[in-house]
Amino acid sequence: MRFEAKGIIPAMVTPLDEHGNVNKTALRKLTNYLIDGGVHGLFPIGSTGEWYGLTLGQKKEVIEIVIGETNGRVPVYAGTGAITTKETVALTRMAEFVGVEAVSVLTPVFISPSKEELYEHYKTVADSVDIPVLLYNNPGKTGINIEPDLVERLSKIENINGIKDSSGNLTNTSEYIRRTDSKNFHVLCGTDTLIFGTLCYGGKGSITATSNIVPQIPVRIYEEYIKGDMEGALQAQFELAPLRLAFNLGTFPVVMKEGLKLVGIDVGSTLKPVGPISEKNKEILKKILEDMGVI
């Protein structure tokens, strides 16, 4: 299965109204804002998209809206991770039916499966569909790190052809790249401060949260790197860093939503118990975006 996951792919927030329903108008506006910003794909229903708090119907609704509004301009990925293999298969099949180009599957949360159990989990999910499956490693949220030897083993399954690594550990990321280098397998950065470093190691791009707010800056990191302008790519990475480091101004993923409001796209609030950031921290975030030249 030839599919190249590459470039800058925003892990989209999910716009919600005051009742927790999907805000369709805001979602369409966000979709076009990101595409106009030059992104190379879109990724709804990931961690930034609050997958953990959405119903199956809401997930399907979001994916359908993004696919419809994108209208083939860029590939659409979707997050389909869940705790059990049964639910993960159901979500992945739904995403395939709706029409995504690929899915990203987070390791199960709460439970702590062994390497062999993880292998069987991912193999079962991959065998259930005919679209590319990307692994998703986020040990900070799940408590599980997909070890490089397991990634190498999983990469031999035909339609498992990539991984998003949000470990924040560049050694871990580089081992994924080294051990799958000869295969049709694409390693994507999931920590926005490490996009340039991942590309230097041979990664193919990044699934990013900051690109919700400032898509043009992560895009510049990637495109300058591809052109061979290492200095330009590194400068863009440095420009992006303050926004990524500002994530600690509130509970994940509220900073992305607050930032989008500041650039003119009201995507509503995050699902409770996550609340808004303080007025003081809003001013700090506003100053960061002013310094970046986006507001």
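Look up: the structure comes first, before these words.
Residues numbered from 1 in each chain as written. Predicted model: local features only at pLDDT ≥ 70, side-chain atom pairs only at ≥ 80, totals over all residues. Heavy atoms only, no water.

Burial of strand β7 (residues 205-208) is two-sided: the residues G205 and I207 facing one way and the residues S206 and T208 facing the other way are all buried. Of the pairings in the sheet, the one linking strand β1 (residues 7-10) to β7 comprises four bridges and is parallel in character. Among the inter-strand pairings, I8 is bridged to a residue of β7, identified as S206. Note that strand β6 (residues 186-189) and β7 share two bridges and pair parallel. Paired with C189 across the bridge in β7 is S206. (Buried < 20%, exposed > 50% of the residue type's maximum accessible area, 1.4 Å probe, protein only. Helix = DSSP H or I, 4+ residues; strand = E, 2+ residues; numbered from the N terminus. Pairing = 2+ DSSP bridges.)

What follows deals with helix α11 (residues 254-262). Judged by how many residues are buried, α11 sits mostly within the fold: seven of nine residues are covered. Listing the buried residues of α11 in full gives V254, V255, M256, K257, E258, G259 and L260. On its buried side, α11 packs onto α1 (24-36) and α12 (279-292). (Contact = heavy atoms within 4.5 Å.)

Okay, the pairing of β6 next. Where burial is concerned, the two faces of β6 agree: the one with H186 and L188 and the one with V187 and C189 are both buried. The pairing of strand β5 (residues 160-165) with β6 spans four bridges and is parallel. Within β6, the position partnered with D165 by the bridge is C189. Regarding the hand of the β-α-β motif, the stretch spanning β5, helix α7 (residues 170-179) and β6 is right-handed. Assessed by its sense of winding, the connection that carries the chain from β6 through helix α8 (residues 195-201) to β7 is right-handed. (Right-handed = clockwise from strand over helix to strand, strands pointing away.)

In this section: the packing of aromatic side chains. A full pass over the atoms with the stated rule returns three aromatic pairs. Ring plane angle 70° and centroid distance 5.9 Å describe the contact between F3 and Y77, whose orientation is recorded as edge-to-face. Separated by 74 residues along the polypeptide, F3 in the segment before β1 and Y77 in strand β2 (residues 77-79) bring together distant segments of the chain. Here the two residues F3 and Y77 agree in accessibility, since each one is buried. Between W51 and Y52 the ring centres are 6.1 Å apart and the planes differ by 75°, which places this aromatic pair in the edge-to-face class. Given the relative accessible area of 16%, W51 is considered buried. (Phe/Tyr/Trp six-rings, centres within 6.5 Å; stacked < 30°, edge-to-face > 60°.)

With their axes 10 Å apart at the nearest point, helix α2 (residues 56-70) and helix α3 (residues 85-98) run at an angle of 30° to one another. Taken together, the axis directions place α2 and α3 in an arrangement best described as roughly parallel. Considering the relative orientation of α2 and α3, their crossing is right-handed. Of the residues in α3, those touching α2 at L56, K59, K60, I63, E64 and I67 are L91, M94, A95 and V98. (Axes fitted to C-alpha atoms, helices over the stretch in contact; angles between N-to-C directions. Parallel < 35°, antiparallel > 145°, perpendicular 65-115°, else oblique. Left-handed = near helix turned anticlockwise from the far one by under 90°.)

Taken in spatial order, the seven strands line up as β1-β7-β6-β5-β4-β3-β2 in an open sheet, and their pairing is parallel. In this open sheet, the two edge strands, each paired with only one partner strand, are β1 and β2. With direction set aside, neighbouring strand axes in the sheet form an average angle of 25°. When strand β3 (residues 102-106) meets strand β4 (residues 133-137), the two strands line up parallel, connected through four bridges. The residue of β4 that forms the bridge with V103 is V133.

What follows covers the pattern of salt bridges. Tallying each qualifying case throughout the model produces 13 salt bridges. Here K123 ties to D127 by a salt bridge, and the two come within 2.8 Å at their closest N and O atoms. Taken as a pair, K123 and D127 lie in helix α4 (residues 115-127) at a separation of four residues, close to a single helical turn. Measuring nitrogen to oxygen at the nearest pair gives 2.7 Å for the salt bridge that ties E239 to R220. One end of the pair, E239, is in helix α10 (residues 230-245); the other, R220, is in helix α9 (residues 216-227), and 19 residues separate them in sequence. (Salt bridge = Lys/Arg side-chain N within 4 Å of Asp/Glu carboxyl O.)

What follows concerns unusual backbone geometry. Going from F252 to P253, the amide bond is cis rather than trans, its omega being 0°. Assignment of secondary structure puts P253 in the loop between α10 and α11. Here the bond from K272 into P273 is cis, since omega is 25°, no more than 30 degrees from zero. Here P273 shows up in the loop between α11 and α12. Its identity as a non-glycine residue notwithstanding, I45 has a phi of 65°, on the positive side. Structurally, I45 can be placed in the loop between α1 and α2. Overall, the relative accessible area of 2% leaves I45 in the buried class. In this structure, F110 takes a positive phi of about 75° despite not being glycine. Structurally, the position occupied by F110 is in the loop between β3 and α4. Here F110 falls in the exposed class, since its relative accessible area comes to 79%.

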